[in-house]
Every structure is written in C-alpha cells, then in structure tokens.
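Secondary and tertiary structure notes
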Amino acid sequence: MPSPTIPVSVIIPTHTRAGFLAQAIDSVLAQTYTNFELIVVDDGSSDETPALLASYGKELICLHQENRGPAAARNAGISAARHPLLAFLDSDDRFAKNKLALQVASMEAQPEVFISHTQEIWLRNGKHLNQKKRHVKESGDIFARSLELCVVGMSTVMVRRELFDRVGLFDESFPCCEDYELWLRTSSCHHFLLVDAPLTIKHGGRPDQVSVQYKTGMDRFRIRALEKLISSEKLSPDQFLLARRELVRKAVLYGNGCLKHGRLEEGQRCLSLAARYSFFE
C-alpha cells in the first residue's frame with residue numbers, strides 16, 4: 001500500500017469542556033500522520049475554553065460562535081475546512097496515535113468510498129465498557145442496522161468532503177441525534193468502509209453529555225429523523241418499508257412510555273403518528 005498523502009481537516013466541536021478538551025487536542029497533535037489541520041469550534045463555552053485554545057497558538061485553527069449545538073459547530077468546521085478529507089472528534093474523546101494514518105491509507109486505497117469509520121474503545125468513569133452485539137460495526141450497506149440506533153461513532157468518522165454535496169450537512173434543528181439523522185441519509189445511498197481497528201477512545205457516562213441530557217427523549221428525535229427520511233422520497237421501496245416499520249415501532253414504544261409517565265399530549269401524538277404509518281403486509 002502506498003504511503004498516504006491526502007491532507008486531512010480534523011474538526012473538534014466543543015462546549016464548556018475545558019477539563020477534557022486538552023486530551024482531545026493533544027491526541028490529534030500526537031498523530032503519526034502529520035498532514036492535517038486541526039479546527040476547534042468553540043460553541044459558546046462559558047468556562048476556560050478560550051484561554052486553553054489560545055495557549056496552543058498556531059497549532060490549531062480556532063472558531064468561536066454563540067452556543068448553537070453540535071450540529072451547527074460541526075457545520076462551521078466543515079465550512080472552514082480546506083482539505084479533501086474531513087475527520088471528526090468529540091471534545092471528550094481521543095484518537096489513537098495511528099488513527100489518521102490507518103484511516104487515510106484505507107480511504108486512499110479505495111477512492112470510490114466516501115465515508116469510513118473505525119472500531120472504538122468505550123470507557124465509562126475510567127473503566128472499560130464492553131460493547132453489546134447491537135453495537136457491532138460493519139462495512140458495506142449499513143442502512144437497515146442504522147434504523148434502530150446510531151451504529152457509527154461520531155469520533156470514528158472520516159469523509160470525503162464531496163459527501164456533503166451529495167447528502168447535505170448536519171441538520172441544525174436537531175439538538176441531539178444529529179449524527180443518527182445524517183448517517184440515515186448517508187447509508188441510504190452510500191456504503192460505509194470499516195477500518196477494523198480500535199482507533200478512537202470514547203468517554204461516556206457524564207451528566208454534561210448531550211446523549212445523557214436527552215436520554216429519556218432521544219427516541220423523539222430519532223422518530224423525527226425517520227419522518228424526515230421517509231418524506232424525502234429518496235428511498236428505494238425496500239428502504240421505505242424498513243424505515244416505516246422502524247418508525248412505527250419507535251413511535252409505539254415512545255408513545256406508550258410518554259403515556260405511562262404522564263406526558264399525555266406527546267404520547268398521543270406519537271401513537272397517532274404510528275397509526276398513520278402503520279401498514280398491513
């Protein structure tokens with residue numbers, strides 16, 4: 001395999017995570033692959049993040065904006081990126097030292113591939129967390145598996161920037177599950193390449209994480225993502241059928257859960273939605 005030469009733009013969105021951000025930045029700066037630029041988008045942090053970023057000087061490109069959420073921060077990074085390959089890293093995760101080198105080499109060896117992801121190591125409160133079978137990562141057509149849950153780790157992804165011309169950017173109206181929504185759009189028309197090595201270290205289980213803050217309502221946004229996908233009229237007949245089935249399943253589960261916990265209006269809305277999309281084989 002030839003030595004990889006494609007330059008990469010690494011994008012880190014961050015919001016009030018000065019305690020973790022340095023580890024993320026340092027893991028990029030320590031890469032064995034050096035042909036990259038590092039863009040950090042400060043999404044309206046209220047802690048020492050600006051001072052921390054300033055301490056790195058010209059080692060990184062800093063963007064600052066009012067707090068608009070992770071989707072808007074990533075989109076700002078994409079707009080500022082100068083290189084043909086883009087990699088993403090959440091500000092509380094880390095790259096393994098050879099992450100960029102191995103992933104760029106894989107993308108260079110398969111120029112027809114627009115997006116790749118890697119295996120990852122999960123840590124919760126500093127302890128290794130075993131991944132369940134439902135989180136197993138795959139290459140190829142991952143659309144059906146992506147309907148149930150987000151099977152692509154945000155910090156594992158590398159894309160060719162042309163992908164966003166084909167499928168669009170992150171939907172900034174989603175405060176969470178914006179990655180789930182984008183991977184649905186992407187997997188409906190593009191195969192994913194899996195670089196089968198644990199090249200990202202993911203830290204979880206903290207109350208400041210978006211996935212924790214919206215934990216009880218994440219299916220609300222997944223349902224919305226499925227509605228958007230179905231209404232796009234870009235799915236094949238088989239994909240359309242699978243998406244409708246998953247929307248109905250999620251809407252029934254979430255709707256009944258809302259009714260059980262006294263959120264009557266939201267519960268009734270979801271059950272009505274499930275009835276509207278129900279069908280008989």
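Structure's up top.
These remarks concern the structure in this document. (Residues numbered from 1 in each chain as written. Predicted model: local features only at pLDDT ≥ 70, side-chain atom pairs only at ≥ 80, totals over all residues. Heavy atoms only, no water.)

Overview of the packing of aromatic side chains
How two aromatic rings sit relative to each other is set out by the distance from centre to centre and by the angle between their planes. The full count for this structure, using the stated rule, is 4 aromatic pairs. Aromatic pair Phe 88 and Phe 164: ring centres 6.4 Å apart, planes at 80°, arrangement edge-to-face. Of this pair, Phe 88 sits in strand 4 (residues 85-88) while Phe 164 sits in helix 6 (residues 162-167), placing them 76 residues apart in sequence. A relative accessible area of 1% means that Phe 88 is categorised as buried. By way of ring pairs, the aromatic residues Phe 88, Phe 164, Phe 170, Trp 183 and Phe 192 are connected into one cluster. In this arrangement the basic side chain of Arg 74 is found over the ring face of Phe 170, its NZ or CZ atom lying 5.3 Å from the centre. Directly above the ring of Phe 174 sits Arg 224, whose terminal nitrogen or CZ lies 4.1 Å from the centroid. (Phe/Tyr/Trp six-rings, centres within 6.5 Å; stacked < 30°, edge-to-face > 60°. Helix = DSSP H or I, 4+ residues; strand = E, 2+ residues; numbered from the N terminus. Buried < 20%, exposed > 50% of the residue type's maximum accessible area, 1.4 Å probe, protein only. Lys NZ or Arg CZ within 6 Å of the ring centre and 35° of its normal.)

Quick look at the side chain of Ser 146
Looking at where Ser 146 falls in the secondary structure, it is placed in helix 5 (residues 143-148). Taking relative accessible area as the criterion, Ser 146 reaches 2% and is therefore assigned buried. A polar side-chain atom of Ser 146 sits 2.9 Å from the main-chain carbonyl oxygen of Ile 142. The contact partners of Ser 146, leaving out residues within four places of it in the chain, are Val 151, Tyr 180, Leu 184 and Ser 187. (Polar contact = N/O pair within 3.5 Å; in protein donor to acceptor, adjacent residues only side chain to side chain. Contact = heavy atoms within 4.5 Å.)

Thoughts on the pairing of strand 6 (residues 115-124)
Strand 6 sits mainly inside the fold: 7 of its 10 residues count as buried. Sheet topology note: the strand 6/strand 8 (residues 158-160) ladder contains 2 bridges and is antiparallel. Looking at the pairing, Ser 116 lines up with Met 158 of strand 8. (Pairing = 2+ DSSP bridges.)

What about helix 1 (residues 18-29)?
Counted at 1.5 Å a residue, the expected span for helix 1 with its 12 residues is 16 Å, and the 17 Å between its end C-alpha atoms agrees. All of the buried residues along helix 1 are Ala 18, Leu 21, Ala 24, Ile 25, Ser 27 and Val 28. The inward-facing, buried residues of helix 1 abut strand 1 (8-14), strand 2 (36-43), helix 2 (49-54) and strand 5 (94-95). (Expected span 1.5 Å × (residues − 1).)

Some remarks on the pairing of strand 2
For strand 2, the buried fraction is high: 8 of the 8 residues fall into the buried class. Side chains of strand 2 alternate between two faces, with Phe 36, Leu 38, Val 40 and Asp 42 and Glu 37, Ile 39, Val 41 and Asp 43 buried alike. Both strand 1 and strand 2 contribute to a ladder of 7 bridges, which runs parallel. Across the sheet, residue Ser 9 finds its bridge partner in strand 2, namely Glu 37. Crossover connection from strand 1 via helix 1 to parallel strand 2: handedness right-handed. Where strand 2 lies against strand 3 (residues 61-65), 5 bridges are found, and the strand directions are parallel. Residue pairing across strands places Asp 42 opposite His 64, the latter belonging to strand 3. Regarding the hand of the β-α-β motif, the stretch spanning strand 2, helix 2 and strand 3 is right-handed. (Right-handed = clockwise from strand over helix to strand, strands pointing away.)

Thoughts on the pattern of salt bridges
Pairing is possible between side chains of opposite charge, provided their charged atoms come close. Counted under the stated rule, the structure contains 15 salt bridges. Across the salt bridge formed by Glu 246 and Lys 250, the nearest N and O atoms sit 2.5 Å from each other. Pair noted here: Glu 246 and Lys 250 are both in helix 10 (residues 237-260), with a separation of 4 residues, about one helical turn. A single burial state applies to Glu 246 and to Lys 250, both of which are buried. Members of the salt-bridge network, linked through shared partners, are Asp 171, Glu 181, Arg 185 and Lys 228. (Salt bridge = Lys/Arg side-chain N within 4 Å of Asp/Glu carboxyl O.)

Considering the environment of Thr 186
Within the secondary structure layout, Thr 186 lies in helix 7 (residues 178-187). Judged by relative accessible area, which is 0%, Thr 186 ranks as buried. If sequence neighbours within four positions are ignored, Thr 186 has contacts with Ile 115, Leu 163, Val 167 and Phe 192.

Some points on the nonpolar core
Counting 27 residues, the largest nonpolar core has Val 8, Ile 12, Ile 25, Leu 38 and Leu 100 as the members making the most contacts within it. Secondary structure elements with two or more residues in this core: strand 1, helix 1, strand 2, helix 2, strand 4 and helix 4 (99-109). Setting aside residues no more than four positions away along its own chain, Ile 25 makes contact with Ile 12, Leu 38, Val 40, Leu 53, Tyr 56 and Leu 60. (Core = buried A, V, L, I, M, F, W, Y, C linked by side-chain atoms within 4.5 Å.)

Section: the packing of helix 7 against helix 9 (residues 218-231)
Two measures define how a pair of helices packs: the angle their axes make with one another and the distance between the axes. At a minimum axis distance of 9 Å, the contact between helix 7 and helix 9 shows a crossing angle of 30°. Considered as vectors, helix 7 and helix 9 are oriented roughly parallel to each other. Along this stretch, helix 7 crosses helix 9, giving a crossing that reads as right-handed. When helix 7 is examined against helix 9, the residues Tyr 180, Glu 181, Leu 184 and Arg 185 are found in contact with a partner set consisting of Arg 222, Ala 225, Leu 226, Lys 228 and Leu 229. Classifying every residue of the contact of helix 7 with helix 9 gives 5 nonpolar, no polar and 4 charged. (Axes fitted to C-alpha atoms, helices over the stretch in contact; angles between N-to-C directions. Parallel < 35°, antiparallel > 145°, perpendicular 65-115°, else oblique. Left-handed = near helix turned anticlockwise from the far one by under 90°. Nonpolar A, V, L, I, M, F, W, Y, C, P; charged D, E, K, R; others polar.)

Geometry only, nothing functional implied.
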